[in-house]
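Each chain is listed here by its residues.
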Amino acid sequence: MTMKSTATLPTAVPAPSLGHSMKPRQLTMMGLGSAIGAGLFLGSGAGIQAAGPAVLISYLVAGTLIILVMWALGEMAAANPNSGAFSVYTQKAMGKTAGATVGWLWWLQLVVVIAAEALGAAGLLFTVWPVIPVWALSLIFMALFTAINLAGVKNFGEFEFWFAILKVAAIVIFLAIGGALLLGLLPDVPSPGLSNFTSGFAPAGLGGIATALFVVIFAFGGTEIVSVAAAETENPERSVAHAIRTVVWRILVFYIGSVFVIAAVLPSTSAALKSPFAGVLDVARIPGAGAAITLVAVIALLSALNANLYGASRMVYSLSERGEAPKFLSKLNPARVPVVAVSVSVAFGFLAAVLELLFPDQILPALFQLVGSTCLVVWGSALVSQLILRRRADRDGTALPLRMKGFPGLTIFGLVLLALIFAVGFSSPESSKQLVSTLVLVAGIAVACWTGARITRNRNAAAGAGAGAKADQAEQPSR
């Protein structure tokens, strides 16, 4: 009798969760896919226009910072793989409001970047295939990649892997052609040499380097998506370590190598910097190469769009799971994809396409300006969180599967470097406006998160008190 009663008790059904079918090679290429996009294929030209060849200083500074940030994130992601990544780590280190603020800021940043990459890809494709208008191409891209993201993380990861392979191969070929051009190895094509470096290395001085720095930071933004994807990867501890090691040096080689070639070949006043890769190949006089690299750039932007849509949806899913966003955002489809989170993350991209129809050629520059410095806040939160959590783990004797070397010196150096970037940024009128707007945005999000948490807490307390009063009444004997 007892056994029968026990057998008929309802068993708890575990809540559905995200899948874990992404492979390590897909994780590594996703890190490249999210970072090698609009920032390199479009933003590199804007950086050279702002600072001339001295933009390389901006890339070296930002590159050093992103290496330190990725090492810090790698340590935390290996110990606690979570789709909320640095938002979760910030919450653990500095409290719920700080964690929610960083999560929402990064989500907003990616939402804007998704729209920028769709418009950028559409604009580039229109230059070689002027049939469908830019706004309509942008809508097509948004619909296509929404469908890909809803198909499941395994299919998404494979798609992103081959997208990233293609653009990495194209950049390697570009570097080979650019090197041959600079060394004078191309027949009937004179080498431009390094005259751009010797005659006007920093035409706009420190102000130009500061302005370019924020263009470069935007370019490196998205690399941190590796820590988000770790939650859906097989053997995350090992996969994250491998991805961090390979992604960092590949990005630096591709970025600094490509920008060196572009700055050497094209002067800072060149109109070809609007599409810098095609401009260099046109100088090299390789038939059809300009159009071909433009198509590769389109693929690169779409690959970054694909990866960033993934990252944005997972971050808002994590916020929902932690009670920092509406609960319906954590709803999963049969493929274990957060379907509502994906939908809200692409909504602004569709809106931006409509705005492009109403205000042609004005939306993309405005989007670049909007998110240029939000990366700094996210990276700063990652460094501070790692400093706190690592010291806490060492104090408690907690073993970590991956430990950042040079701690705490390198973490502190990263924070000092970040502070110097802010100081240089405030010295330039152009970048100071961007920094102030970012700080205002952060403050606004923090106030909204704190207020929302307080309202929820009061509501839960009131509901608990009401339930307690009803229970007391039920216990009183009836008269």
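Above this text you will find the structure in question.
Not measured: the values here are computed from a predicted model.

Undergrad: Looking at this structure, I do not really get the layout of surface pockets. What am I missing?
TA: Over the atoms, a rolled probe matching the size of one water molecule traces out where space is still vacant. Computed from the structure, the second largest pocket encloses a volume of approximately 270 Å³. Along the wall of the second largest pocket there are 13 residues; nearest its centre are G323, E324, C449, G452 and A453. Secondary structure elements with two or more residues in the lining of the second largest pocket: helix 7 (96–128) and helix 20 (429–475). The element best represented in the lining of the second largest pocket is helix 20, accounting for eight residues.

Undergrad: What's the story with the packing of helix 18 (residues 374–396) against helix 19 (residues 409–426) in this structure? I'm lost.
TA: Relative orientation and spacing of two packed helices are given, respectively, by the angle between their axes and the distance between those axes. Two elements in contact, helix 18 and helix 19, have axes whose closest approach is 10 Å; the angle formed by their N-to-C orientations is 155°. One finds that helix 18 runs roughly antiparallel with respect to helix 19. Where helix 18 crosses over helix 19, the two elements pack in a sense that is left-handed. Of helix 19, the residues touching helix 18 (which contributes L376, G380, L383, V384, Q386 and L387) are T411, I412, G414, L415, L418, I421 and F422. Taken together, the residues of the contact of helix 18 with helix 19 sort by class into nine nonpolar, four polar and no charged.

Undergrad: Explain the side chain of E232 here, please?
TA: By secondary structure assignment, the location of E232 is in the loop between helix 12 (225–229) and helix 13 (236–265). Of the polar contacts made by the side chain of E232, one reaches the side chain of R314; its length is 2.8 Å.

Undergrad: Help me understand the packing of aromatic side chains in this model?
TA: Geometry of an aromatic ring pair is reported as the spacing of the ring centres plus the angle between the planes. Evaluation of the coordinates by the stated rule reveals ten aromatic pairs. Summarising the aromatic geometry, the rings of Y59 and F220 are spaced 6.1 Å apart at their centres and angled 80° between planes, so their arrangement reads as edge-to-face. Within this pair, whereas Y59 is found in helix 5 (residues 55–79), its partner F220 is found in helix 11 (residues 205–220), the two being separated by 161 residues in sequence. Taken as a pair, Y59 and F220 share a single burial class, namely buried.

Undergrad: Explain the pattern of salt bridges here, please?
TA: Using the criterion set out here, one finds six salt bridges in the structure. R314 is the salt-bridge partner of E232, the closest N and O atoms lying 2.8 Å from each other. Residue E232 is located in the loop between helix 12 and helix 13, and its partner R314 is located in helix 15 (residues 289–321); the two are separated by 82 residues in the primary sequence. With a closest N to O distance of 3.1 Å, D394 and R403 form a salt bridge. Judged by relative accessible area, D394 falls into the partly exposed class, the value being 37%.

Undergrad: Sorry if this is basic, but what is going on with helix 4 (residues 43–51) here?
TA: Two residues of an α-helix separated by three or four positions point the same way, owing to the 3.6 residues in each turn. Along helix 4, the residues classified as buried are G43, S44, G45, G47, I48 and A51. Where helix 4 ends, the next residue or the one after it, G52, has phi of about 70°, a positive value.

Undergrad: Could you clarify how one ought to interpret empty space enclosed by the protein in this entry?
TA: A complete count under the given rule lists two cavities of 30 Å³ or more for this structure. Considering only enclosed or pocket space, the second largest cavity measures out at about 40 Å³ in volume. Around the second largest cavity, the lining residues are F41, L42, L124, S275, F277, A278, I293, T294 and A297. Broken down by secondary-structure element, the contributors of at least two residues to the lining of the second largest cavity are helix 14 (276–283) and helix 15. The dominant element in the lining of the second largest cavity, judged by the number of residues it contributes, is helix 15, at three residues. Here the residues of the lining of the second largest cavity sort into seven nonpolar, two polar and no charged.

Undergrad: What is the right way to read the packing of helix 7 against helix 18 from this model?
TA: Contact pair helix 7 / helix 18: the axes reach a minimum separation of 10 Å and the direction vectors enclose 145°. Helix 18 is crossed by helix 7, and the crossing has left-handed handedness. Mapping the contact onto sequence places V102, L105, W106 and Q109 in helix 7 and T374, C375, V377, V378 and S381 in helix 18. Its residues assigned to classes, the contact of helix 7 with helix 18 comprises six nonpolar, three polar and no charged.

So, how was this worked out
- Residues numbered from 1 in each chain as written.
- Predicted model: local features only at pLDDT ≥ 70, side-chain atom pairs only at ≥ 80, totals over all residues.
- Heavy atoms only, no water.
- 1 Å grid on protein atoms, 1.4 Å probe; cavity = no way out; pocket = protein on both sides within 12 Å on 5 of 7 lines; lining within 4 Å.
- Points joined across faces, edges and corners; volume = space filled by probe spheres on them.
- Helix = DSSP H or I, 4+ residues; strand = E, 2+ residues; numbered from the N terminus.
- Axes fitted to C-alpha atoms, helices over the stretch in contact; angles between N-to-C directions.
- Parallel < 35°, antiparallel > 145°, perpendicular 65-115°, else oblique.
- Left-handed = near helix turned anticlockwise from the far one by under 90°.
- Contact = heavy atoms within 4.5 Å.
- Nonpolar A, V, L, I, M, F, W, Y, C, P; charged D, E, K, R; others polar.
- Polar contact = N/O pair within 3.5 Å; in protein donor to acceptor, adjacent residues only side chain to side chain.
- Phe/Tyr/Trp six-rings, centres within 6.5 Å; stacked < 30°, edge-to-face > 60°.
- Buried < 20%, exposed > 50% of the residue type's maximum accessible area, 1.4 Å probe, protein only.
- Salt bridge = Lys/Arg side-chain N within 4 Å of Asp/Glu carboxyl O.

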